[in-house]
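Structure at a glance
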Amino acid sequence: MGNLFSNLKPKPVAEDEKRWDINNHTTNIETATEEDVSCFKDKSKLYLCYKICKSFSKDLEYKLYIITDKKMKFGIMNHNESGLSAFSAEDKSEYIEDAVFKMNKDVRRRIMLLAGPGKFNFSHALRNSEHVARYIHSGAWISYQMTEASELRKLFNSYMSQDQIKLINVHPEELAPNDEGSLEVMYEEARDHAQYGKQTLLILDEDNDAHNIVILGPTGSGKSAIVNQLYNKQVVLSKSSPNSVTRKVQYTQGSYNGKRINIVDTIGMCDTVLSPDQVYNVVKDSVKANMVYIDKVVIVCYGRIQKDHRDSIGKFMEWLRYANYKTNFVFVYNKQEGIPTAERSQHLITMCEELGVDMNKDEIVSCPDGSRRSIKFAHSLGIKAGTPWDDVETELTEFKRAVLSRTKSRIKVPLGSFDNRSTNPSICTII
């Protein structure tokens, strides 16, 4: 905490702390009507803006965010000030443009969800002006001022429990997007797969015994489709899009071979709305808050691996220490349906070379049927919806075996300066 507030509890903490438990993680706002937000016209240009404030302390700056068309503005300023108001000449001189976007039906709906009657359940840590403005802009409930390295996060962190920290940058209950799929079974013939249980916004109980899988990769690479394949069921929404379908770090829970399993579907790297650094910080913060150990990291690529893709993947590989945990990483070159075998092999080699991956790495594992088999950690997948089981059985079974089988080591999730978590000392990791 330093000496900003001496030994006194900071005012923002005193204002916030009663609103930090999961049962109070709501906005308390009823949905507005279209007429209530009619000042923002369809296809009009909107601006995500902020101004610098110092009301916490003369030494601590923070950013206050709004949405505006330069005539009207909408924002949640604090506990007592929110809603629509005129955009004044003073506002024009104070606010700095962060992003530009257009009003459409999705943006209008998000404004309506926040502009209705009721006193907004404001929280500097969990439901602040940046959360609101970025939610309207993109659908993601994110405040970069509350990622781990920020001064604002440092102000609150020592006063928050681990379960409260898990709520940072998590959608309030009534705003969480419904990303659950149709739950349709994909292949009736498939036997070796995880059993789906439920989706959850966060993992409340730290479970060192669960098999934890994190899926990473650029937007449009097919991460969500891979989550569905691991469960052999349409459990999350999946479609090809230049924008990430997943607008939050999405946790699914189930079981495999009698053991609990958590599979994490993440926001796409190099999204058209969120920058690579923004995606990296949000995903890293969420994983650190929810998991003590990771058993498998699945990195999914597709198409030409651009420099920004390579750099983003490299940051995650460095953070999770690929050099020390090679058998805990599985690499996938995806969407290879209809590609000749020789080309698929070359694509896989190219991906591994560009990412610095040892594609010859393998490990002997025990399978559910009692057999012992060698598994590889670099895979080419080409599984288009509707492809007959006989055509995909071998590659899909080998991929699932690589991801779902337990390896000898577990990745201890690297921590920053904040470590409120207890771990099981009997579990040995290789560092």
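Residues numbered from 1 in each chain as written. Predicted model: local features only at pLDDT ≥ 70, side-chain atom pairs only at ≥ 80, totals over all residues. Heavy atoms only, no water.

1. So, the side chain of serine 380
Note on placement: serine 380 falls in strand E15 (residues 378-380). Serine 380 sits in the buried class, given a relative accessible area of 16%. Side-chain polar atoms of serine 380 contact the side chain of arginine 344, separated by 2.9 Å. Leaving out residues up to four positions away in the same chain, serine 380 has contacts with Tyr333, Gln336, Arg344, Leu348 and Glu395. (Helix = DSSP H or I, 4+ residues; strand = E, 2+ residues; numbered from the N terminus. Buried < 20%, exposed > 50% of the residue type's maximum accessible area, 1.4 Å probe, protein only. Polar contact = N/O pair within 3.5 Å; in protein donor to acceptor, adjacent residues only side chain to side chain. Contact = heavy atoms within 4.5 Å.)

2. As for the packing of aromatic side chains
Applying the stated criterion across every chain yields a total of 10 aromatic pairs. A ring pair is formed by tyrosine 322 and phenylalanine 329, whose centres lie 5.2 Å apart and whose planes are at 85°; its orientation type is edge-to-face. No difference in accessibility class separates tyrosine 322 from phenylalanine 329, as the two residues are buried. Aromatic pair tyrosine 322 and phenylalanine 331: ring centres 5.6 Å apart, planes at 90°, arrangement edge-to-face. Taken together, Tyr322, Phe329 and Phe331 form an aromatic cluster joined through their ring pairs. Taking the ring centre of tyrosine 280 as reference, the NZ or CZ of lysine 315 above it sits at 4.2 Å. The ring centre of tyrosine 302 lies 4.7 Å from the NZ or CZ of lysine 335, which sits over that ring. (Phe/Tyr/Trp six-rings, centres within 6.5 Å; stacked < 30°, edge-to-face > 60°. Lys NZ or Arg CZ within 6 Å of the ring centre and 35° of its normal.)

3. Details of the confidence of the model for the protein chain
Looking at the protein chain as a whole, the pLDDT averages 87, with 90% of positions reaching at least 70. Confidence over residues 1-6 falls short of pLDDT 50; this stretch has 12 contacts with residues more than four positions distant or in other chains. Contacts for the low-pLDDT stretch residues 417-431, under 50 throughout, to residues beyond four places or in other chains number 36 contacts. (pLDDT = per-residue confidence, 0-100.)

4. Some thoughts on a negative patch on the surface
Together, Glu184, Glu188, Glu189, Asp390, Asp391 and Glu393 make up a negatively charged patch on the protein surface. Note on placement: glutamate 188 falls in the loop between helix H6 (162-165) and strand E6 (195-200). For glutamate 188, a relative accessible area of 61% puts it in the exposed group. (Patch = residues over 30% accessible without salt bridge, like charges linked within 9 Å, V, L, I, M, F, W, Y side chains within 5 Å. Areas by Shrake-Rupley, 256 points an atom, 1.4 Å probe, with all protein chains shown as cover. Salt bridge = Lys/Arg side-chain N within 4 Å of Asp/Glu carboxyl O. Lys, Arg positive; Asp, Glu negative; His and termini not counted. Charge placed at Lys NZ, Arg CZ, Asp CG, Glu CD.)

5. Focus on the pattern of salt bridges
Applying the stated criterion across every chain, the model contains 18 salt bridges. For arginine 310, the salt bridge identified is with glutamate 354, shortest N-O distance 3.4 Å. Of this pair, arginine 310 sits in helix H9 (residues 307-319) while glutamate 354 sits in helix H10 (residues 341-355), and the two are 44 residues apart along the sequence. A relative accessible area of 32% means that glutamate 354 is categorised as partly exposed. Its salt-bridge partner being glutamate 395, residue arginine 344 comes within 3.1 Å of it at the nearest N-O pair. Here the residue arginine 344 occupies a position in helix H10, and glutamate 395 occupies one in helix H11 (residues 389-404), the gap between them amounting to 51 residues. Each member of the pair, arginine 344 together with glutamate 395, is buried.

6. Concerning the sheet that holds strand E9 (residues 259-265)
On the basis of which strands lie adjacent, the open sheet formed by 7 strands has the order E6-E8-E9-E7-E11-E12-E15 and mixed pairing. The strands lining the two open edges of the sheet, one partner per strand, are E6 and E15. Looking at each pair of strands side by side, their axes are set apart by 20° on average, direction ignored. In this fold helix H7 (residues 223-231) packs onto E6, strand E7 (211-216), strand E8 (250-256), E9, strand E11 (296-301) and strand E12 (329-333), with an angle of close to 165° to the strand it touches most, E9. (Pairing = 2+ DSSP bridges. Axes fitted to C-alpha atoms, helices over the stretch in contact; angles between N-to-C directions.)

7. Here's the deal with the packing of H7 against H11
Two measures define how a pair of helices packs: the angle their axes make with one another and the distance between the axes. Where H7 contacts H11, the axes come no closer than 10 Å and their chain directions differ by 90°. Judged by the angle between their axes, H7 and H11 are roughly perpendicular. Packed against H7, whose contacting residues are Ile226, Gln229 and Leu230, the element H11 presents Leu396, Phe399, Lys400, Val403 and Leu404 at the interface. Of the residues contributing to the contact of H7 with H11, the split by class is 6 nonpolar, 1 polar and 1 charged. (Parallel < 35°, antiparallel > 145°, perpendicular 65-115°, else oblique. Nonpolar A, V, L, I, M, F, W, Y, C, P; charged D, E, K, R; others polar.)

8. Considerations on H10
With 15 residues, H10 should reach 21 Å at 1.5 Å per residue; the first-to-last C-alpha distance of 21 Å fits that figure. When H10 is considered as a whole, its buried residues turn out to be Arg344, Leu348, Met351, Cys352 and Leu355. Projection of H10 onto a plane perpendicular to its axis shows the buried side chains occupying an angular sector of 95°, all on one side. H10 presents Ala342 and Glu353 as exposed residues on the side facing more than 90 degrees away from its buried surface. Those residues of H10 that are buried are in contact with E11, H9, E12, E15 and H11. Positive backbone phi, at 70°, marks glycine 356, one or two positions downstream of H10. (Expected span 1.5 Å × (residues − 1). Arc of directions from axis to C-beta.)

9. Some details on the nonpolar core
The biggest cluster of nonpolar side chains holds 42 residues, and the ones touching the most others in it are Ile294, Ile299, Phe329, Phe331 and Met351. Put simply, the parts of the chain that give this core at least two residues each are E7, helix H8 (276-290), E11, H9, E12 and H10. With 5 residues, the single largest contributor to this core is H8. When near neighbours in sequence (up to four residues on either side) are disregarded, isoleucine 299 contacts Leu216, Ile313, Met317, Phe329, Val330, Phe331 and Val332. Tyr187, Leu230, Val330 and Val365 belong to the second largest nonpolar core, which has 31 residues in total. (Core = buried A, V, L, I, M, F, W, Y, C linked by side-chain atoms within 4.5 Å.)

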